[in-house]
Amino acid sequence: MLIAFGGLPGTGKTTVAQALARKLAAVYLRIDTLEQAFMAAGSNGADIGPAGYLAGYAVAKDNLRLGLTVVADSVNSLHVTRNAWRRVALEAGVSIFEIELICSDKTAHRLRVEERQADILGHKLPTWKDVLERQYDAWESEHLVIDTANASIERAVETIDRRLSMPDP
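Residues numbered from 1 in each chain as written. Predicted model: local features only at pLDDT ≥ 70, side-chain atom pairs only at ≥ 80, totals over all residues. Heavy atoms only, no water.

The name recorded for the chain in an unreviewed UniProt entry is Adenylyl-sulfate kinase, from Pandoraea iniqua.

(A) Just the side chain of T148, in detail. With respect to the helices and strands, T148 occurs in the loop between β5 (144–147) and α7 (153–165). Assessed through its relative accessible area of 9%, T148 is described here as buried. A polar contact is formed between the side chain of T148 and the backbone oxygen of T11, at a distance of 2.7 Å. (Helix = DSSP H or I, 4+ residues; strand = E, 2+ residues; numbered from the N terminus. Buried < 20%, exposed > 50% of the residue type's maximum accessible area, 1.4 Å probe, protein only. Polar contact = N/O pair within 3.5 Å; in protein donor to acceptor, adjacent residues only side chain to side chain.)

(B) Region of interest: the packing of helix α3 (residues 51–65) against helix α4 (residues 79–92). It is at 9 Å that the axes of α3 and α4 come closest, and there the two elements cross at 25°. With respect to each other, α3 and α4 are oriented roughly parallel. The hand of the α3/α4 crossing is right-handed. Between α3 and α4, the residues in contact are Y53, G56, Y57, A60, K61, L64 and R65 and T81, A84, W85, V88, E91 and A92, respectively. Along the lines of polarity and charge, the residues of the contact of α3 with α4 split into eight nonpolar, two polar and three charged. (Axes fitted to C-alpha atoms, helices over the stretch in contact; angles between N-to-C directions. Parallel < 35°, antiparallel > 145°, perpendicular 65-115°, else oblique. Left-handed = near helix turned anticlockwise from the far one by under 90°. Contact = heavy atoms within 4.5 Å. Nonpolar A, V, L, I, M, F, W, Y, C, P; charged D, E, K, R; others polar.)

(C) A look at unusual backbone geometry. Phi is positive for A25, close to 55°, though the residue is something other than glycine. Examined against the element boundaries, A25 turns out to sit in the loop between α1 (13–24) and β2 (27–30). At N76, a residue that is not glycine, the phi angle is positive and equals roughly 55°. Positionally, N76 belongs in the loop between β3 (70–73) and α4. A relative accessible area of 0% places N76 in the buried class.

(D) Spatial organisation of the packing of α1 against α7. At a minimum axis distance of 9 Å, the contact between α1 and α7 shows a crossing angle of 55°. Classified by the angle their axes make, α1 and α7 are oblique. Once α1 is placed against α7, the crossing between them reads as right-handed. For the pair α1 and α7, the contacting residues are T15, V16, A19, L20, K23 and L24 in the first and I153, A156, V157, I160, D161 and L164 in the second.

(E) How the structure looks around the packing of aromatic side chains. Evaluated as defined, the whole model comprises two aromatic pairs. Seen in terms of ring centroids, Y53 and Y57 are 6.1 Å apart; in terms of plane orientation they differ by 55°. Their pairing is tilted. In this pair, Y53 and Y57 are both assigned in helix α3, four residues apart and thus about one turn of the helix distant. The same class applies to Y53 and to Y57, which are both buried. Above the face of the Y136 ring, R82 is positioned so that its terminal group lies 5.3 Å from the ring centre. (Phe/Tyr/Trp six-rings, centres within 6.5 Å; stacked < 30°, edge-to-face > 60°. Lys NZ or Arg CZ within 6 Å of the ring centre and 35° of its normal.)

Given below as structure tokens:
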């Protein structure tokens, strides 16, 4: 199965996605890590465009074809990226479960963005202004929404795990 996360920076995607990957013993795939590796490899800070996502799709497909569950952690803010994750699952012959994390408490969300520290060497985190100005397309596919203003990491993971265990209608 492919579990594709999405949500604005500072909503808790990485924390929840890592906790879920640990619980499921799944492959964890973070687009920020791939993008930072490309920049470290010599792009000299130049815009790497879709390279991180394209690499992520390929690595996810390889692991899905091996029968492994993949947890994909990315902002996933555009229809094109969401459609691409769905195509990866389709081409690998697996189901996809999409999760959007939001933080309805704007004050808490802003504090998270402004106070967090990069956990990837050289990673430049977005500012609150960057978050507010980011293009973020409305979701059109069926997906689980978790509001991290009202849910602990543990509760978010439990909610996801419970939904994953539910039989398809």
